[in-house]
Amino acid sequence: MDSSSTFWLPTKASTFTGHIDTFFYVLMWLSLFFFLAIVIAMGVFVYKYWRKRPDQLAQAQITHNAHLEFWWTFIPLIMVIVFFFYGFKGFLDMNIAPANAMQIKVRAQKWSWAFEYPEGASSDTLVVPVNHPVELVMFSRDVLHSFFVPAFRVKNDVIPNRYTRVWFHATTTGTFPVWCAEFCGTNHSNMLTAVRVLEFGDYENWLKGASDPGKGLAPVEFGKLLYTKRGCSSCHTLDGSKLVGPSWKGMWGTSRKLTSGLSVTADENYVRNSMMNPQGEVVEGFPPVMPPFKGILSDKEVDALIAFIQSLK
Ligand code: CUA
């Protein structure tokens, strides 16, 4: 199967590309055909029936033509009925996952993605085996996002307080972009990740390594890994520049002025509290937009992040 991208469509990497791409091209060329046919006929008629002299009489009015009116109604009717059945079949295929599909949980939040696997592993890029149906069960921790993998031709809204799903069957190994396709605030355009499609054996090996990501790492190293993996990096920089939230560089041990007017020292308790209950102590000059990580970060992960922040002099 030729999987390369074309001028009109991205790389093909799932079983959905067949009918979606065919449908897309049929609709596009048909639209182009009718657009040209109508515009050219209009131009010809404008020219042909132009009133060229002031004494020229108006053309005789033609009230109707039964044959023409029948065919220009009947042919489009057949066309839309065919499109409906073709589209409805595709809609059902894309909405009902096969019974043997493997389930992965997707959690969206401003502005990162997290993926949780049945074996307890988690990651910030989606990793899936090739030639195996995969169903994603998705929810949002804050606002409306949309999970979109152009190469798979799958997209669905990710909504707070409700699970939504997509499924796909990847046909090619490789790495393909994942976008958030619903405007969700300041960093929406950076809410990007990727899906890595691996051979089944490689996927199983990856899963083994990913089930305990902190294993064998010093807390500072683990914290550094979590900084991107848990999405901290979408709001907090490490170089002192201001993003959505305060930079972590040089923060440790300083006095933080809060919106409540009080001040607090950036120590272990402050950092832990900021993760568990971010709205409790908001630093002056920043919007109270951070989602709570209570129940998401383990104690080990909190300690690792504290160690990492502490190391950023
Ligand atoms: Cu999330 Cu846009």
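Residues numbered from 1 in each chain as written. Predicted model: local features only at pLDDT ≥ 70, side-chain atom pairs only at ≥ 80, totals over all residues. Heavy atoms only, no water.

Asker: I would appreciate a short explanation of empty space enclosed by the protein in the present structure.
Answerer: To find leftover empty space, a probe the size of one water molecule is rolled over the atoms. Evaluated as defined, the whole model comprises three cavities of 30 Å³ or more. Contributing to the lining of the largest cavity are 33 residues, with His236, Pro246, Ser274, Pro278 and Met290 lying nearest its centre. At the level of secondary structure, the elements contributing two or more residues to the lining of the largest cavity comprise helix 5 (268-276) and helix 6 (299-311). When the residues that make up the lining of the largest cavity are grouped by side-chain class, the tally is 22 nonpolar, seven polar and four charged. The wall of the second largest cavity is formed by Arg107, Ala108, Gln109, Ser112, Trp113, Ala114, Lys229, Arg230, Gly231 and Phe293. Residues of the lining of the second largest cavity, tallied by class, amount to four nonpolar, three polar and three charged. (1 Å grid on protein atoms, 1.4 Å probe; cavity = no way out; pocket = protein on both sides within 12 Å on 5 of 7 lines; lining within 4 Å. Points joined across faces, edges and corners; volume = space filled by probe spheres on them. Helix = DSSP H or I, 4+ residues; strand = E, 2+ residues; numbered from the N terminus. Nonpolar A, V, L, I, M, F, W, Y, C, P; charged D, E, K, R; others polar.)

Asker: I'm lost on the nonpolar core in this one. Help?
Answerer: Burial of nonpolar side chains together is a common tendency in soluble globular proteins. Counting 42 residues, the largest nonpolar core has Tyr117, Leu126, Leu136, Phe147 and Phe152 as its most contacted members. Listed in part, the 25 residues of the second largest apolar core include Phe222, Met275, Ile296 and Leu312. (Core = buried A, V, L, I, M, F, W, Y, C linked by side-chain atoms within 4.5 Å. Buried < 20%, exposed > 50% of the residue type's maximum accessible area, 1.4 Å probe, protein only.)

Asker: Any chance you could explain the confidence of the model for the protein chain here in plain terms?
Answerer: Where the model shows low pLDDT, its predicted coordinates should not be examined in detail. Chain-level statistics for the protein chain give a pLDDT mean of 89 and a share of 99% at 70 or above. Taken element by element, the protein chain is modelled with least confidence in strand 3 (residues 122-123), mean pLDDT 84, and with most confidence in strand 6 (residues 145-149), mean pLDDT 96. (pLDDT = per-residue confidence, 0-100.)

Asker: How should the pairing of strand 6 be read in this particular structure?
Answerer: Working note: regular strand, side chains alternate between the two faces of the sheet. The element strand 6 is largely enclosed, with a buried count of five among its five residues. Relative to strand 7 (residues 154-158), strand 6 runs antiparallel, the two sharing five bridges. Residue Val149 lies in a different strand from strand 7, and its bridge partner there is Val154. Taking the residues that link successive antiparallel strands as the turn, the strand 6-strand 7 hairpin has four residues, and the phi of Arg153 there is positive, at about 65°. Both strand 6 and strand 9 (residues 174-180) contribute to a ladder of two bridges, which runs antiparallel. Note on strand 9: the bridge partner recorded for Phe148 is Trp179. (Pairing = 2+ DSSP bridges.)

Asker: Before we go on, may I ask you to explain the sheet that holds strand 2 (residues 112-116) in this structure?
Answerer: Within a sheet, adjacent strands bond to each other through the backbone by hydrogen bonds, running parallel or antiparallel. The five strands are arranged 3-2-1-5-8 in an open sheet whose pairing can be described as mixed. For this open sheet the edge positions go to strand 3 and strand 8 (164-169), each flanked by a neighbour on one side alone. In this structure, strand 1 (residues 102-109) lies alongside strand 2, joined through five bridges in antiparallel fashion. Looking at strand 2, one finds that Arg107 is bridged to Ala114.

Asker: Before we go on, may I ask you to explain the pattern of salt bridges in this structure?
Answerer: Pairs may arise between side chains of opposite charge once their charged atoms sit close together. As enumerated under the stated definition, the model contains nine salt bridges in all. Salt-bridge contacts for Asp21 lead to Arg153; the nearest nitrogen and oxygen are separated by 2.8 Å. Separated by 132 residues along the polypeptide, Asp21 in helix 1 (residues 17-48) and Arg153 in the loop between strand 6 and strand 7 bring together distant segments of the chain. The partner of Asp93 in a salt bridge is Lys89, with the nearest N and O atoms 3.3 Å apart. Taken together, the residues span about one helical turn, with Asp93 and Lys89 both in helix 2 (residues 66-95) at a distance of four residues. The exposure class of Asp93 is partly exposed, given its relative accessible area of 33%. The exposure class of Lys89 is exposed, given its relative accessible area of 52%. (Salt bridge = Lys/Arg side-chain N within 4 Å of Asp/Glu carboxyl O.)

Asker: Before we go on, may I ask you to explain the packing of helix 4 (residues 219-229) against helix 6 in this structure?
Answerer: The description of two packed helices rests on the angle between their axes and on the distance between the axes. The N-to-C vectors of helix 4 and helix 6 enclose an angle of 95°; their axes lie 7 Å apart at closest approach. Accordingly, the angle class assigned to the pair helix 4 and helix 6 is roughly perpendicular. Between helix 4 and helix 6, the contacting residues are Pro219, Val220, Phe222, Gly223, Lys224, Leu226 and Tyr227 on the first element and Lys300, Glu301, Ala304, Leu305, Ala307, Phe308 and Ser311 on the second. (Axes fitted to C-alpha atoms, helices over the stretch in contact; angles between N-to-C directions. Parallel < 35°, antiparallel > 145°, perpendicular 65-115°, else oblique. Contact = heavy atoms within 4.5 Å.)

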